[in-house]
Amino acid sequence: MTIWNALSRHATATASRPILTLFDDPKRAADFSIEACNFLFDYSKTAIDSEARALLLQLAEDSGVAARREAMFAGQPINETEDRAVLHTALRATQDQLIVDGRDVLEGVRATRARMAAFARDLREGRFQGQGGAISDVVNIGIGGSDLGPAMATLALAPYHTGPRCHFVSNVDGAHVHDVLAPLNPETTLIIVASKTFTTAETMANAASARAWMARRVADPVAQFAAVSSAPERTAAFGIAPERVFGFEDWVGGRYSLWGPVGLPLMLAIGPTHFEAMLAGAAEMDAHFRTAPFARNLPVMLALVGIWHNQIQGHATRAVLPYDQRLSRLPAYLQQLEMESNGKRVAMDGSDLTRNSGPVVWGEPGTNGQHAFYQLIHQGTRIVPCEFMLAAEGHEPELDHQHRALAANCLAQSEALLRGRNLEAARALMAARGLTGAELERQARHRVFPGNRPSTTLLYPRLTPFVLGGILALYEHRVFVEGVILGINSFDQWGVELGKELALNLAPLLEGGDAGTEHDGSTLALATLFRRLREH
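Keep in mind that what you see is a predicted model, and the values were worked out from it rather than measured.

K.L.:
Tell me what's going on with unusual backbone geometry, and back it up with residues and numbers.
P.N.:
Most peptide bonds are trans, and most residues other than glycine sit at a negative phi. With an omega dihedral of 15 degrees, the bond running from Gly-366 to Thr-367 counts as a cis peptide bond. The backbone phi angle of Asp-101 is positive, close to 55 degrees, even though this residue is not glycine. Relative to the helices and strands, Asp-101 resides in the loop between β3 (99–100) and β4 (103–104). What makes Asp-101 exposed here is its relative accessible area of 81%. Although it is not a glycine, Phe-198 adopts a positive phi angle of roughly 55 degrees. Inspection of the secondary structure puts Phe-198 in the loop between β9 (189–194) and α8 (201–215).

This is the structure:
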């Protein structure tokens, strides 16, 4: 019997057992939680018992997670479809050297970060200015990882902002760039164009629009442009001076790129010192991931909980629920991290997967979500495993009473998912309100909560740059472990290519050109209607 089969059999055999009964063991909460790196990860409110955990740990061992992990950190080309190393961890590495293909890659990483820090200090201290004075606003133009990462982190670390205001443009919809730029002063705005190849269609369209906007008020618009790109010939053609171009290597994937030049707008906002603290938090999680035994390893156990819920129990989605308003963009960031990495249908060798790959990841911050989709989570017909996040303290001591209310809501939601409310309790509730007979029974049934719905909780002291770095690295490594166990390449993203190719082919058609023969009837009809509507 394979480990996968043993896990499935165990899940079936224990399916009718309420999670709550596992707490008959007074040590349940302590035994099914991990404390490390400033975090407490509690997975006791899941159906995983000692036998399931042992099988999951064996699955990780048998899948070669340890060897694959060391291959990644060593710079071996584990992104096999693109023949590339996967070395985003080098962007926050603390060792003296990392030799890959005979070259110390850390030398270039540190040189680029030093250039970023020097530029950040010059801008923040007024030595680099716009043509109307000190830079008041920074607009980052990117998409995907070049947008989600810095936008999420800049919002998350708002209490540490001492630099210019930061704004983010990603959508090729002209409304986005228009609405971001409209209230800004071109004479005191810096534009950062983030595109590794400097050819990303959406990003370059928005960059051209931003340059035109600035040219209406500024004599030399590109003097207030910087680039995050590894295509110096293209940035030079755009007119950006080389000292304001910050490149990174092919071994840094877009959704893993916040730690380097893609994080420039964040560094401008919070300063190099706090940016370094975020890198240090991630580096600590890296060291923990490499050295902690699997049973006490935060990324490994977070991944195994995900495998249990998705591949073993068959729950197709997971909700990420940070009870931290400043992490409101984290679910979207993790959505890309997980779904672009592990949303695959073939194994590393090109064969079809024999089980489901990654789940649908979604979520919103608490307590907003409680008034939106928690109804489905509590009483819907599908089970949604929930991942709660909570800081012990906020940044506003004068509002600590509200933070305690926030915490109470977070803990109450996970307990409600676990406990539920049975029909007998619902009947008693309705009887106390004076209902009787058939109406009591009808109303009571609407107030039954099935319970027995799994959740995890990640508790941390306060959302600092160091802690944020740890959270992001934790989830990066979680995705890596899940990918290894599933036998897929988590570091390519061929699924984004086909739509891009078709969009290029469709552009002439929308302008009234030859339709050709490669389009289906629906697409041709929609394009025809689109042109007709534009004519009126």
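K.L.:
Any details on the side chain of Glu-387? Residues and values, ideally.
P.N.:
With respect to the helices, strands and loops of the structure, Glu-387 is situated in strand β14 (residues 386–391). Take Glu-387: its relative accessible area is 6%, and that puts it in the buried class. A distance of 3.0 Å separates the side chain of Glu-387 from the side chain of Tyr-475, its partner in a polar contact. Among residues more than four places away in sequence, those in contact with Glu-387 are Leu-302, Arg-318, Ala-319, Val-320, Leu-321, Thr-456, Tyr-475 and Arg-478.

K.L.:
Which residues make up the nonpolar core, and what are the values?
P.N.:
Leu-190 and Leu-468 are the most contacted members of the largest nonpolar core, which has 119 residues in total. In terms of residue count, the dominant contributor to this core is helix α18 (residues 465–486) (13 residues). Leu-468 has contacts with Met-152, Ala-153, Ala-156, Leu-157, Met-278, Leu-327 and Leu-463, leaving out every residue within four places of it along the chain. By size, the runner-up hydrophobic cluster in this structure holds 23 residues, among which are Val-177, Val-193, Phe-238 and Val-245.

K.L.:
Tell me about the pattern of salt bridges, residues and numbers included.
P.N.:
Within the structure shown, the criterion is met by 28 salt bridges. Salt-bridge contacts for Glu-276 lead to Arg-113; the nearest nitrogen and oxygen are separated by 3.7 Å. Of the two residues, Glu-276 is situated in helix α11 (residues 272–291) and Arg-113 in helix α5 (residues 105–124); the sequence distance between them amounts to 163 residues. The class for Arg-113 is buried, based on a relative accessible area of 14%. Between Glu-387 and Arg-478 there is a salt bridge, with the nearest N and O atoms lying 2.7 Å from each other. With Glu-387 in strand β14 and Arg-478 in helix α18, this pair connects stretches of sequence that are 91 residues apart. Summarising the burial analysis for this pair, Glu-387 and Arg-478 share the class buried. In the salt-bridge network here, residues are joined through shared partners; they are Arg-318, Glu-338, Glu-387, Arg-478 and Glu-482.

K.L.:
So, the packing of helix α13 (residues 330–342) against α18: which residues are in play, and what are the values?
P.N.:
α18 packs onto α13 with a crossing angle of 25 degrees between their chain directions and a minimal axis gap of 10 Å. Our classification of the angle between α13 and α18 gives roughly parallel. Handedness of the α13/α18 crossing: right-handed. Residues Leu-330, Tyr-333, Leu-334, Leu-337, Glu-338, Ser-341 and Asn-342 of α13 form the contact with α18, whose own contacting residues are Ile-471, Leu-472, Tyr-475, Glu-476, Arg-478, Val-479, Glu-482 and Gly-483.

K.L.:
If you had to explain the sheet that holds strand β8 (residues 165–169) to someone new, which residues and values would you point to?
P.N.:
Read from one edge to the other, the open sheet built from five strands follows the order β8-β7-β9-β10-β11, with strand pairing classed as parallel. Looking along the sheet, the strands with just one partner apiece sit at the ends: β8 and β11 (245–246). Pairing of strand β7 (residues 137–141) with β8 involves five bridges; the strand directions are parallel. Residue pairing in the sheet places Asn-140 in a bridge with Phe-168 of β8. The sheet contacts of helix α6 (residues 145–156) involve β7, β8 and β9, and relative to β8 the element is tilted by about 150 degrees.

About the thresholds
Residues numbered from 1 in each chain as written. Predicted model: local features only at pLDDT ≥ 70, side-chain atom pairs only at ≥ 80, totals over all residues. Heavy atoms only, no water. Helix = DSSP H or I, 4+ residues; strand = E, 2+ residues; numbered from the N terminus. Buried < 20%, exposed > 50% of the residue type's maximum accessible area, 1.4 Å probe, protein only. Polar contact = N/O pair within 3.5 Å; in protein donor to acceptor, adjacent residues only side chain to side chain. Contact = heavy atoms within 4.5 Å. Core = buried A, V, L, I, M, F, W, Y, C linked by side-chain atoms within 4.5 Å. Salt bridge = Lys/Arg side-chain N within 4 Å of Asp/Glu carboxyl O. Axes fitted to C-alpha atoms, helices over the stretch in contact; angles between N-to-C directions. Parallel < 35°, antiparallel > 145°, perpendicular 65-115°, else oblique. Left-handed = near helix turned anticlockwise from the far one by under 90°. Pairing = 2+ DSSP bridges.

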